[in-house]
Each structure stands twice: as C-alpha cells, then as structure tokens.
Amino acid sequence: MRRFTYWQEIVGVLCLKAVGLVLLYLFFFAPADRPTATQQAVAHHLLTTPGSATRDEVNHDR
Amino acid sequence: MIDNAAVELSRLQFGLTAMYHFLFVPLTLGLSIVLGIMESVYVMTGRKIWRDMTQYWGMLFGINFAMGVATGITMEFQFGTNWAYYSHYVGDIFGVPLAIEGLMAFFLEASFIGLFFFGWNRMSGLGHLAVTWLVALGSNLSALWILVANGWMQNPVGAAFNFHSMRMELTSFKDVLFNPVAQAKFVHTVSAGYVTGAVFVMAVSAWFLLKGRNIEFAKRSMTVAASFGLAAALSVVVLGDESGYTASQNQKMKVAAIEAMWETEPAPASFTIFGIPDLAARQTRDAIRVPWMLGLIATRSLDQEVPGIKPLVAEAESRVRSGMLAYGALATARAHPDDAAAKATLEAHVKDLGYGLLLKRYTDNVTDATPAQIEQAAWDTVPNVLPLFWSFRFMVGIGFFFIAFFAGAFWLSAKRQLDRHRWFLRLALLILPLPWISSELGWFVAENGRQPWTIDGVLPTFLSASSITAGSVWLSLAGFVLFYSALAVIELFLMVKYIRLGPEADAGASPASLAPGRAGA
C-alpha cells in the first residue's frame, strides 16, 4: 500500500495549494479589488496631486 | 494623500512572499544539477546505486518542487492589486521576461519533471538522462528570466519614457536581456542555488552516516556534493564579486550604503570589515578597515575613487533639480502636446524625472519645491545603511565559510574519510540552514539597496503602490501568512518524513518501482 503514499501526498499538497491560491485570489485579488491604472490615472497620480487617485478615481478613468 | 502605511505593508507583503518563494528555488536549482551528475554516473557505469541515488534525491526534489511551485504566482497577484501604478508604468518591459519565463521555462521545466518521474522505465537510459539535464536547464532558464526582470529594476536599460502613454516602453530587448546587472545576478544567484543543493545533500547524507545507515549510499552522495559544492562555493564568491562590480558601475549609492561609506576616500578605497554605522551622525564608528580592498573590488583599479554617500547625495540633489524641470515640462507637454519647447525640455531632463518625483512626498508643487525639500528628497536616495551593512557582511561571511567547509569535505572525500570524523558529520548537519539564510540576506541586500526606487532612478516606491487602504493590505497579508505558514509546516513534515524513511522509501515512492527492470544504460 505504501508505494502510492508519496504521490498521494504530493497530489494532496498540490490540490491544497490550488484551493488556497484560488481562495486568496477570490478574497483579495479578484478584479473587483484591483485598481486599473490607465495613462490618465497614472498622469493624475504623478502630476496632479501629491497623493494618489482614489480607487474610484482610478476606475473612473477606465 | 498617499497612504504610507499601505505602501509599507505592500512592500512587506511582497518581500515576505518573495522570500518565502525563494526558500524553494535554490534547492530546486541545486538539486537539479546534482540529479544530472548522479544520473550521468549511472548511465556511464550502469551501477544501480547511482540510479537509487538519483531516484531518492529526485524524490526529495519532487517534494520541494511541489511545495515551491506556484508560490511565486501570488507576486503576480500583488503586481495587479498592490502595485497597479508600477504595473502600468513599467509593465511593458517588466512583463516581457515574466511572460517568457511563464511560457517557456516553466513549461519546459514542468514537462520534463513529469518525464523525469514517470519515464524511468519508459525511456532509454540516455533519453532519461537527457530529460534530467533538461529539468536542470528549465530550472536555470526560469531563474534567468526572473533575474532579467529583476536586473532591469536595478539597471533600467533598453527602455524610454513615453509622455503620451505615461509609461516606460521597450527600445531594445537585447539590452534588457544582456543587461550586465541581470547577467551578473543570474550567475551569482544560480551558483548560490548550487551551494544550497550541495549543502542539503551533505547534511542529509551526514545524518545517515551519524545514524549508521545507508553508508555506501550516503558516502557516494557526499562525494558528489563535496566536489560540486566546492566548485559552486568558489563560483558564488567569484560571481558575487562580479555582481558587486556591476553594482558599483550602475548603483553607486547602493554600494556606498552597503559599505557605510559616508565620504569619498582617496583611491584605492578601504573595505570596512567591522563598524557601527551611525545614521544620525552620518558616520561609521569603531570601523576596522582593510586598505585598498574596496577600491580593488569595486573599481578593479588602484586609481579610481569609490564615491561616498554624502557626495552622491550632492549629486542626487542636482538630479532632483533637473527632475523638477522634467516634471514641469511633462505637465506642460501633457496639457499641450504640440508645445515643442516643453518636449525639448522634457527630452533633455527626462533621465532625472524620477528624481523630481521624489519631491511628491513633500510638496504638491514639485516645480516650486524649496531648497529644504530638495535636500530631503536627495537624502531619500540613501537606502537604510545599518541593515544593509550587516546583512552584506553576514552573507559574505557565510560564503567564505562554505569555501572552507567544502574544501575540507573535498579533502576528506579524496582521502575516503568522509565517514570517519563525527564532528565533521555533525557540522555538515548543523549548517543546513546557512545557504537559505545567506540567500535571503542576499535578496535583502539587493532589494533594500535599491530603495527608495522600484525602478532605480526612474520610479519611486511610494508612487508605485496602488491607492488601496492599509486595512485591505493587512487582510490579504494575514491571508498570506496563514496559508503560507500552513504550507511551510506541511513542507517540513513531508521533507523530514521522506528523509527519515531513507532511500528504501523510494522503493514505494518512485513510479520506476511500479514496473520491474531498469532503463537500459
């Protein structure tokens, strides 16, 4: 029985990792959480104010 | 306003992710070559023990690869979410080597790893050997493209700023690929990986010998690791010297900060072995210096000066002033794209635009910055001297220790006395964490020495981060820490379990064992 243990564990780890990465992506890095920096947003960020555009401002530029 | 907490947390998150990912990379790099060497001996001699060695170390390689693979992908997540301005500003260049790495090297590596594990009884001996070396080639090519991307952040060649698109655009792929900083970093980094692989094999084999099990297996493994490790340890120091030389040509402030050298010394400059950098007084106390050494390392001459921090800050101040002109011209050219005078001014000063952007931390009106603000911005170009100074020295010290260690191992191996000195075996086991510590210190020096820039001289870090809240970065950071900590525990558990089981465990682990016979040599 032991002969398959190694591969079972490797596959198990890969599955766990895939699930964990998908969850991280969905919770924190999905498109809804991601500001899209257009050239207008970058120009605004670098040239207009000392601070940055808010996410709303950035997304507005899309 | 810029949320500095969000910027610093984004840096922390990226740094932790990169450092975690790099726990696996050096062992993959090093073990892949060790596997190639062992299987080459197997194919040449036909002796089964070399095949067993390849399969056992291959099994541990597989655990490390499975644990490490895709842990770096979260850095790509972060580029989009935490570093959106960076991604827009330099994505055209930075994305190219990353994409090539994903498409070419990763698939090459991953495909041949599959063949390595499942091809033992399905391929000829020479065919399988070719696969094993292709695994090593794929791993090294992955490292090459990543370091091309990183080298460009350190020395942004082959690119130009386009004020219409507000981004850096590629002008010469050849310059990016053959960037001397990238090439030097590549060979230095993969050599460090080879040392890691050699130390790992030495340590595990030493453990077997201390336990009195798998004696022949362990002695042969140590013999390979001793000679490979000696070559790698010598390479890593020589190539590290090359990396330092390229840094001294392209990142003078980084070198000055690593050396805590506040003033320019008459050539050839001395090297500070020990000292206590005093950031407030801007001097290094209780310094013990070796005459000439830094001048020889950094300039490879006796008559060239190595500039100190204070003169470099004065130089940065003039670049900040030039950057103010570029900044004003950029604003005008954006508003009036046909303004020839603004475009001419921008073109004349665009190389200093990044220095002008440093003022954004202090003023709304960059073009009207006060002398005090300009001085502050110029001093911002100095990285954090104290941790750089000591991290570099620990890294170099470990590097020289490895030369001595592997020279001793090589000598014992030549005398066939590797298993005779228990103190040496204990030492080999004890030093197991050192290559990882030195690698992480190396990355710390490289990346903290680049501050305050994400792209050296082009884009300040605080302007690269997205406009997200510190709270959201805290949340994602907590998610990372939880998930990656769990993975680390599983990695350690699996690695220790299969090390303890020893080569006989491979009889149940390797797909090669699922069918009788051996690949023809």
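Residue numbers run consecutively from 1 along every chain, following the written order of its sequence. Following the order in which they are written, the chains are lettered starting with A and the ligands numbered starting with 1. With the structure being a predicted model, the display of local features is reserved for residues of pLDDT at least 70 and the display and counting of side-chain atom pairs for 80 or more, all residues being used for whole-chain, interface and lining totals.

Peer 1: Sorry if this is basic, but what is going on with the overall build of chain B here?
Peer 2: Starting at the N terminus, helices and strands are each numbered in turn, a helix being any DSSP run of H or I of at least four residues and a strand any DSSP run of E of at least two. Helices and strands together make up the secondary structure of chain B, namely 20 helices and 6 strands. The globule rule used for comparison is 2.2 Å times the number of residues to the exponent 0.38, while the radius of gyration itself is calculated over C-alpha atoms. Scaling as 2.2 N^0.38, a compact globule of 521 residues should have a C-alpha radius of gyration of about 24 Å, and chain B matches this with 25 Å. In terms of overall dimensions, chain B has a C-alpha envelope of 80 × 50 × 40 Å along the principal axes. Any residue pair is listed as a contact if its two C-beta atoms, each placed from the backbone, are within 7 Å. Residue pairs in contact within chain B that sit at least 24 positions apart in sequence constitute 78% of those at least 6 positions apart.

Peer 1: How should the pairing of strand 1 (residues 159-162) of chain B be read in this particular structure?
Peer 2: When a strand is regular, its side chains alternate between the sheet's two faces. Residues and elements named next belong to chain B. Here the C-beta atoms are placed from the backbone, and a residue counts as buried if at least 20 other C-beta atoms lie within 10 Å of its own, exposed if 12 or fewer do, and partly exposed otherwise. Judged by which residues are buried, strand 1 turns out to be one-sided: Ala-159 and Phe-161 face inward and are buried, whereas Ala-160 and Asn-162, on the alternate face, are not. Any two strands between which DSSP finds at least two bridges are classified as paired. As judged from the 4 bridges shared by strand 1 and strand 2 (residues 167-170), these two strands associate in the antiparallel manner. Along strand 2, the bridge assignment pairs Phe-161 with Met-168. Once strand 1 ends, the chain turns through 4 residues before running back antiparallel as strand 2, passing Met-166 with a positive phi of about 55°.

Peer 1: How should I be thinking about the interface of chain A and chain B in this particular structure?
Peer 2: Frequently, the measure chosen for interface size is the accessible area removed from exposure when the parts meet. In this complex, chain A contributes 35 residues to the contact, which on the side of chain B involves 41 residues. Of all elements in the fold, only helix 1 (5-29), helix 2 (39-48) and helix 3 (55-60) of chain A reach the threshold of two or more residues within the side of chain A that touches chain B. Per element, the largest residue contribution to the side of chain A that touches chain B is 14 residues, and it comes from helix 1 of chain A. All residues other than Ala, Val, Leu, Ile, Met, Phe, Trp, Tyr, Cys, Pro, Asp, Glu, Lys and Arg, Gly among them, are scored as polar; the first ten of these are nonpolar and the last four charged. For the side of chain A that touches chain B, the residue count by class is 19 nonpolar, 9 polar and 7 charged.

Peer 1: Would you mind going over the packing of helix 11 (residues 309-335) of chain B against helix 12 (residues 340-349) of chain B with me for this structure?
Peer 2: Angle between the axes and distance between the axes: these two values describe a pair of packed helices. Residues and elements named next belong to chain B. Here helix 11 crosses helix 12 at 145°, and the two axes come no closer than 8 Å. When the axes of helix 11 and helix 12 are compared, the crossing they make is left-handed. Each of Ser-322, Gly-323, Leu-325, Ala-326, Ala-329, Leu-330, Thr-332 and Ala-333 in helix 11 lies in contact with helix 12, whose residues at this interface are Ala-342, Lys-343, Thr-345, Leu-346 and His-349. Of the residues that constitute the contact of helix 11 with helix 12, the class distribution is 7 nonpolar, 5 polar and 1 charged. Lines fitted to the C-alpha atoms define the axes, with helices restricted to the stretch that makes contact. Angles between their N-to-C directions range from 0 to 180 degrees. The handedness criterion is simple: a crossing whose near helix is rotated anticlockwise from the far helix by less than a right angle is left-handed, and one whose near helix is rotated clockwise is right-handed.

Peer 1: Help me understand the domain arrangement of chain B, please; the structure alone is not making it clear to me.
Peer 2: Residues and elements named next belong to chain B. Where each domain starts and ends follows an automatic or database-derived domain assignment. Per the domain assignment, the segments making up chain B are domain 1 (20-253 + 382-513) and domain 2 (265-299). Between the C-alpha centres of domain 1 and domain 2 the distance comes to 31 Å. Listed by partner, the interface residues are 7 residues for domain 1 and 5 residues for domain 2. In terms of residues, the side of domain 1 that touches domain 2 owes the most to one element, helix 8 (residues 215-250), which gives 4 residues. Classifying every residue of the side of domain 1 that touches domain 2 by side-chain character gives 4 nonpolar, 2 polar and 1 charged.

Peer 1: Just checking my understanding: could you explain the packing of helix 7 (residues 180-211) of chain B against helix 17 (residues 434-448) of chain B for this structure?
Peer 2: All names here are of chain B. Following both chains from N to C, one finds helix 7 and helix 17 inclined at 165°, their axes separated by 9 Å at the closest point. One way to sum up the angle between helix 7 and helix 17 is to call them roughly antiparallel. Along this stretch, helix 7 crosses helix 17, giving a crossing that reads as left-handed. On the side of helix 7, the interface is formed by Ala-192, Val-195, Thr-196 and Val-199, while helix 17 contributes Leu-434, Pro-435, Trp-436, Ser-438, Ser-439 and Gly-442. Of the residues in the contact of helix 7 with helix 17, the class split is 6 nonpolar, 4 polar and no charged. Roughly parallel covers angles under 35 degrees, roughly antiparallel covers those over 145, roughly perpendicular covers 65 to 115, and oblique covers all other angles.

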